[in-house]
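Each chain, written out:
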Amino acid sequence: MSDPVLKVRNLSVFYATPTGDVRATEEASFDLHPGETLGLVGESGSGKTTATSGILRMVSSPGRIVSGSVELDGVDLLKLSDEEMRRMRWTKLALIPQGAMNSLNPTMKISAQISDVIETHTGQPATRERVLELFQMVGLPERIYGMYPHELSGGMKQRVCIAMAIALNPSVIIADEATSALDVVVQRVVAQTMAKVRDALGVSMIMIGHDMGLMAQMVDRVAVMYAGRIVEIATVADMFARPAHPYSQILIDSVPSLTERQPLRITGGITHDPRNPPEGCIFQLRCPYAQEVCRQPQEMREIRPGQEVACIRAEELEREDA
Amino acid sequence: MLDVAQSDALLDIRNVSKIYGDPEAGLVALNDFSLQIPRDRAEIVTIAGESGSGKSTLANLVLGFTRPTKGTITFDGLDVGSAGAAQMRSYHRQVQAVFQDPFGSYNPFYRVQHVFDMVTKNFGLAENKVQAREMMEDALNAVGLTGDDVLRKYPHQLSGGQRQRIMMARAYMVKPKLIVADEPVSMVDASLRASILDVMMKLRDEAGISFLYITHDLSTAYQIGDKILLFYQGTLAEEGNATDVIANPKHPYVQLLIDSVPKPDPADRWKGEIELPAEEELRTARAKGCRFVPRCPHARPACSDALPPLYPVGPNGHRASCILYAPE
Amino acid sequence: MTADPAQQVMEPEDDRAARRRARRMKRFDNPWINPKLIWGLAILLGIVVVGLVGRLFWNLDLAFTGASLLRLPPVGFENLRGQAGQWMTPLGTDGAGRDMLALIIIGAPNTLYVGAVASVIGMGLGIFLGFTAGFVGGRTDDVIRVLSDVMITIPPLLILVVVQSVFGDISLTMMALLIAGFVWQSPTRLIRAQVLSMREAGYVQMAKLSGASTFDIMFKEMMPNLVPYLFGSFIASVTTSIVTAVGLEVLGLGPQRVPTLGRVIYEAINAGALIQNLWWWWGIPTILLALMFIGLLLVNLGLDEVSNPRLRKA
């Protein structure tokens with residue numbers, strides 16, 4: 001494989017609280033290759049959004065980046081000055097934040113908001129041609145050029161946000177739950193748009209989400225996060241065929257099937273206090289297979305080419321899902 | 001389902017329409033809808049559809065929060081559409097609800113116990129405090145919680161899954177005959193949804209409580225639902241047993257919907273590109289004809305003439321409102 | 001954690017910083033311990049205490065005309081006639097020989113009294129009308145809304161000047177009642193808007209489903225969540241009421257026989273105290289009023305921060 005465009009190593013982001021630090025993201029490491037889509041999946045509170053705000057250096061007080069490095073095309077973002085970092089955002093690294101479509105400015109025309117993004121970062125106002133070209137890339141009709149956000153449906157607004165993200169030809173786009181508030185058919189259309197944009201521009205994407213079903217449809221590789229830690233990274237095919245970490249298995253099982261009625265599998269949520277994670281494996285308190293050995297710290301290790309997992313018993317627990 | 005004799009139905013919704021604004025030209029949120037929930041056996045009836053399909057309107061109608069423009073909703077002989085305040089209170093002893101937002105359902109000012117205190121006091125469920133506390137314990141145990149763990153806490157100190165299970169416990173404590181569950185799991189983490197759906201199945205099987213399960217998520221409906229009704233823009237597109245409808249959808253809209261549910265299988269990805277028609281076309285409240293015409297691959301001129309009735313398309317009352325299935 | 005040695009060395013300092021941050025946040029954990037709120041309340045309480053305790057220790061008969069020499073300066077100053085201040089009237093006397101300290105002890109609580117009574121009545125009206133409008137809706141809502149919108153545009157002083165000149169001399173309470181007729185609009189609008197949005201809240205729907213009466217829904221479910229707004233609105237209307245009352249008094253309207261801060265200023269202006277360099281006559285009540293407004297402003301800002309955590313400094 002080619003050199004990764006984004007290399008995240010040991011990234012930790014903590015939030016200070018009166019009773020100790022919440023370890024929102026701890027020791028996250030992963031690569032993102034050119035043209036690849038990486039899914040970052042986990043339930044709420046698993047640190048997936050925090051990890052990306054660490055990458056973008058958008059962690060606000062009382063949070064702080066504790067350690068790690070984020071290399072984009074060989075440049076460590078965490079060592080840049082604020083001004084240099086500001087220039088990196090949008091031009092190299094674009095974010096579609098959670099609920100982006102609801103944060104469009106209701107008093108500004110769609111076209112003006114897109115050209116604003118371009119002007120702030122290039123100093124040049126965007127031409128009508130450029131805006132229309134962006135519209136076309138995300139499948140928006142020309143006639144919305146002069147429209148306001150309230151005149152568009154959710155799916156269209158979400159596509160406007162995608163157009164803004166690609167306006168400056170970034171090499172990496174981070175999409176945080178970009179399709180989660182949409183109806184299934186609209187979600188499919190937006191997902192389709194993102195895939196098309198990715199293939200046309202050759203950008204890399206990080207898709208944050210909680211829906212394993214959508215991950216199966218959309219991404220090339222999946223990183224599963226639990227309580228601030230990445231517990232498994234694998235290609236999407238391996239992840240669904242041979243999930244190795246017990247938590248990945250639970251996440252995949254919790255997607256209800258449409259082809260066969262099964263008894264519900266009931267699991268609890270994150271059970272430990274995020275300020276005081278257990279010694280050793282992060283998942284041990286919820287893991288159905290926890291043993292004495294799980295009290296040892298778990299490092300990510302490769303169990304087959306391209307599949308890394310933070311579970312000491314991965315080989316024996318791994319299952320074939322066919 | 002219309003063949004169920006009126007006396008057998010617990011909830012009898014007959015030809016109900018809800019129109020906002022002008023009754024002739026206003027927005028039709030629900031169009032000429034009928035449904036009977038039987039008295040003799042408990043069922044989970046799923047009402048599914050996208051946002052704006054009229055499913056929440058139906059929930060509000062059944063709960064008595066809004067009144068139908070046309071048609072009648074009868075529960076156990078009571079006309080819900082014209083009930084007074086006192087009748088409404090006794091009606092709510094029979095029909096309870098669980099809402100989508102498990103946090104918003106709690107008054108942030110009070111401890112969790114407040115939601116139980118309200119029902120015990122207003123419905124006179126218990127004779128004294130000890131008995132009341134026992135009932136709370138009992139209801140909480142039914143959803144896998146204990147009173148000592150949650151009652152003295154404030155809602156923000158609980159997890160989303162716990163909050164929603166407590167809401168189920170609250171509804172259960174009233175011992176109603178029907179619970180309207182309006183998107184009860186859509187704001188709860190995926191791994192926790194099962195615990196709430198499981199409670200619903202348990203209450204159906206063990207306490208004999210029927211559910212009107214309103215959702216946009218077909219997969220959970222498939223897993224726990226007995227009957228399913230699929231709405232499109234205020235009209236009923238297809239109904240039948242949940243397993244029949246989802247395994248073998250007939251209405252073109254329902255086919256598109258089921259095909260668009262992301263399958264957890266990377267080898268079976270979405271095929272073909274779909275396009276949404278222009279906004280204006282979607283938004284016009286169509287006075288007559290099938291609402292799905294602008295998006296339908298099988299549309300023909302006759303589709304725009306009148307809304308097709310529900311044609312039988314399969315066993316167990318599987319019916320679809322589409323002229324593809326009109327008998328010759 | 002596998003931190004490199006350099007980071008290990010830095011950790012103690014990081015720890016200290018974290019603890020400091022944590023302490024700061026703990027302090028903000030109890031929102032009511034808010035410096036602005038505490039200072040504001042202290043100032044207002046101080047004025048009230050001066051009024052109440054002062055009565056016990058000071059001879060209030062000095063507030064009658066001719067109780068002392070005319071136009072004496074405060075202790076430590078001399079007036080234009082070369083008279084030095086005396087301890088019998090430590091803050092000086094006015095043009096009729098009334099002791100300034102006695103006037104303040106009586107007048108300041110009177111001014112606060114008018115503000116408080118007018119606001120309590122205004123708030124009561126506002127709560128009643130706001131809930132009615134928000135709950136009943138329809139025509140009732142239209143009437144209340146239009147009425148409060150129209151009333152809010154009318155400057156109260158203008159109307160009150162006319163009303164008072166018709167009434168002539170009135171009591172403090174009567175003035176408070178008249179002013180109350182002009183401070184109910186903002187609470188009405190505020191509560192109506194809140195009730196309308198709360199009506200759709202999940203917990204209100206839950207209360208309805210739990211068989212709660214309309215009364216319970218209003219006062220047990222909605223009211224507790226309105227408390228921060230009500231406090232803020234109350235303080236704002238006390239301010240408005242006092243401004244209006246003092247405005248009337250300075251124009252020579254309002255109660256004629258009862259000392260109030262506004263009336264003292266009116267008399268000072270009338271007697272030409274400004275050009276005769278009798279600064280204590282108008283200056284002392286003005287400072288007291290300023291203190292009162294600063295106190296009220298601080299309380300209001302404090303309450304804002306209490307009810308809206310985003311305004312709190314991190």
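Look above for the structure.
To start, this report covers the structure provided alongside it. (Residues numbered from 1 in each chain as written. Chains lettered and ligands numbered in written order. Predicted model: local features only at pLDDT ≥ 70, side-chain atom pairs only at ≥ 80, totals over all residues.)

1. Here we look at the overall build of chain C
Next up, step 1: A count of helices and strands for chain C gives 11 helices and 0 strands.
Next up, step 2: Along chain C, helices (α) and strands (β) appear in the sequence α-α-α-α-α-α-α-α-α-α-α when read from the amino end.
Next up, step 3: Counted over contacts in chain C with a minimum sequence separation of 6, partners at least 24 positions apart contribute 73%. (Helix = DSSP H or I, 4+ residues; strand = E, 2+ residues; numbered from the N terminus. Contact = placed C-beta atoms within 7 Å.)

2. A closer look at the interface of chain A and chain B
Next up, step 1: Contact residues are listed per partner, giving 36 residues for chain A and 37 residues for chain B.
Next up, step 2: Listed by contribution, the elements that provide at least two residues to the side of chain A that touches chain B are helix H6 (184–201), helix H7 (212–218), helix H8 (236–241) and helix H9 (246–253) of chain A.
Next up, step 3: When residues of the side of chain A that touches chain B are assigned to their parent elements, the largest contribution, 6 residues, is made by H6(A).
Next up, step 4: By residue class, the composition of the side of chain A that touches chain B is 19 nonpolar, 11 polar and 6 charged. (Nonpolar A, V, L, I, M, F, W, Y, C, P; charged D, E, K, R; others polar.)

3. Notes on the interface of chain C and chain B
Next up, step 1: With 13 residues of chain C in contact, the opposing surface of chain B contributes 16 residues.
Next up, step 2: Elements supplying a minimum of two residues to the side of chain C that touches chain B: helix H8 (202–209) and helix H9 (214–250) of chain C.
Next up, step 3: For the side of chain C that touches chain B, a count of residues per class yields 7 nonpolar, 5 polar and 1 charged.

4. Things to note about the sheet that holds strand S10 (residues 229–235) of chain A
All names here are of chain A.
Next up, step 1: Spatially, S6-S7-S8-S3-S9-S10-S12-S11 is the arrangement adopted by the 8 strands of the open sheet, whose pairing is mixed. Only two strands of the sheet have a single neighbouring strand rather than two, namely strand S6 (93–96) and strand S11 (301–304). The sheet shows a mean angle of 20 degrees between the axes of neighbouring strands, direction not considered.
Next up, step 2: As paired strands, strand S7 (residues 172–176) and strand S8 (residues 204–209) are joined by 5 bridges and run parallel to one another. Its bridge partner being in S8, Asp176 is matched across the sheet by Ile208.
Next up, step 3: Against the sheet, helix H1 (residues 48–55) contacts strand S3 (37–41), S7, S8 and strand S9 (221–226), and its axis sits at roughly 145 degrees relative to S8. (Pairing = 2+ DSSP bridges. Axes fitted to C-alpha atoms, helices over the stretch in contact; angles between N-to-C directions.)

5. Quick word on the packing of helix H7 (residues 185–199) of chain C against H9(C)
All names here are of chain C.
Next up, step 1: Relative to each other, H7 and H9 sit at 160 degrees, their axes nearing to 10 Å. With respect to their mutual orientation, H7 and H9 come out roughly antiparallel. Helix-helix and strand crossings are classified by hand; for H7 and H9 the assignment is right-handed. Within the contact between the two elements, H7 uses Ser186, Pro187, Leu190, Ile191, Gln194, Val195 and Met198 and H9 uses Met222, Asn225, Leu226, Tyr229, Ser233, Ala236 and Ser237. (Parallel < 35°, antiparallel > 145°, perpendicular 65-115°, else oblique. Left-handed = near helix turned anticlockwise from the far one by under 90°.)

6. Focus on the sheet that holds strand S1 (residues 9–20) of chain B
Sheets are built from strands that pair by backbone hydrogen bonding, the pairs being arranged parallel or antiparallel.
All names here are of chain B.
Next up, step 1: Read across the sheet, 4 strands follow the order S2-S1-S4-S5 without closing on themselves; strand pairing throughout is antiparallel. Looking at the sheet topology across the chains shown, the edges are occupied by strand S2 (27–38) and strand S5 (78–79).
Next up, step 2: Both S1 and S2 contribute to a ladder of 8 bridges, which runs antiparallel. Across the sheet, residue Val16 finds its bridge partner in S2, namely Phe33.

7. With respect to the packing of helix H3 (residues 100–136) of chain C against H7(C)
Residues and elements named next belong to chain C.
Next up, step 1: Between H3 and H7, the shortest axis-to-axis distance is 7 Å and the interhelical angle comes to 35 degrees. Of the two elements, H3 crosses H7, and the hand of that crossing is right-handed. Across the interface between the two elements, Gly122, Met123, Gly126, Ile127, Leu129, Gly130, Phe131, Ala133, Gly134 and Phe135 of H3 pack against Pro187, Thr188, Leu190, Ile191, Arg192, Val195, Leu196 and Arg199 of H7.
Next up, step 2: A breakdown of the residues in the contact of H3 with H7 according to their chemical character gives 11 nonpolar, 5 polar and 2 charged.

8. Section: the environment of Ile191(C)
Next up, step 1: Mapping Ile191(C) onto the fold places it in helix H7.
Next up, step 2: Once the C-alpha coordinates of Ile191(C) and Val120(C) are considered, the two residues, 71 residues apart in sequence, prove to be 15 Å apart.

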